[in-house]
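Observations on the model geometry
Take a look at the letters that make up each chain.
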Amino acid sequence: MHRTNGDSFPQMAALTEEYQVRGLVVMVFKSDAENQRNSIPSKELSHESADAGQYSH
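Conventions we followed
Residues numbered from 1 in each chain as written. Predicted model: local features only at pLDDT ≥ 70, side-chain atom pairs only at ≥ 80, totals over all residues. Heavy atoms only, no water. Patch = residues over 30% accessible without salt bridge, like charges linked within 9 Å, V, L, I, M, F, W, Y side chains within 5 Å. Areas by Shrake-Rupley, 256 points an atom, 1.4 Å probe, with all protein chains shown as cover. Salt bridge = Lys/Arg side-chain N within 4 Å of Asp/Glu carboxyl O. Helix = DSSP H or I, 4+ residues; strand = E, 2+ residues; numbered from the N terminus. Buried < 20%, exposed > 50% of the residue type's maximum accessible area, 1.4 Å probe, protein only. Lys, Arg positive; Asp, Glu negative; His and termini not counted. Charge placed at Lys NZ, Arg CZ, Asp CG, Glu CD. Arc of directions from axis to C-beta. Contact = heavy atoms within 4.5 Å.

**Examining a nonpolar patch on the surface**
A cluster of nonpolar residues, Met 12, Leu 15, Tyr 19, Val 21 and Leu 24, forms a patch on the protein surface that exposes about 440 Å² of accessible area. Tracing the chain through its elements places Met 12 in helix H1 (residues 9-18).

**As for the environment of Met 1**
Inspection of the secondary structure puts Met 1 in the segment before H1. Taking the relative accessible area as the measure of exposure, Met 1 reaches 22% and is therefore partly exposed. Once the C-alpha coordinates of Met 1 and Met 27 are considered, the two residues, 26 residues apart in sequence, prove to be 6.5 Å apart.

**Things to note about a negative patch on the surface**
A cluster of acidic side chains, namely Asp 7, Glu 44, Glu 48 and Asp 51, defines a negative patch on the protein surface. In this structure, Asp 7 sits in the segment before H1. For Asp 7, a relative accessible area of 56% corresponds to the exposed category.

**A look at H1**
Every buried residue of H1 is listed here: Phe 9, Ala 13 and Thr 16. For H1, the angular spread of the buried residues around the axis is 55 degrees, confining them to a single face. Those residues of H1 that are buried are in contact with helix H2 (43-52). Among the residues trailing H1, Gln 20 stands out with phi positive, at a value near 55 degrees.

**Remarks on the environment of Ala 14**
In this structure, Ala 14 sits in helix H1. Distance in space between the C-alpha atoms of Ala 14 and Ala 52 is 8.7 Å, their sequence separation being 38 residues.

**Focus on the environment of Ala 52**
Of note, Ala 52 is situated in helix H2. What Ala 52 contacts, discounting residues up to four positions off in sequence, is Phe 9, Pro 10 and Ala 13.

In structure tokens, the structure reads:
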């Protein structure tokens, strides 16, 4: 998850429910080609994504 795509996580979580997917894997943040980490998600975005991911089947 990057700062630029973290806000779409709630929609992705909703899709997993719609398609009855058992799990959603969030890949570990990787640096860019220049070994920079300029798009690390903010603390708030990380918390919002975690809250959105707490769903039940």
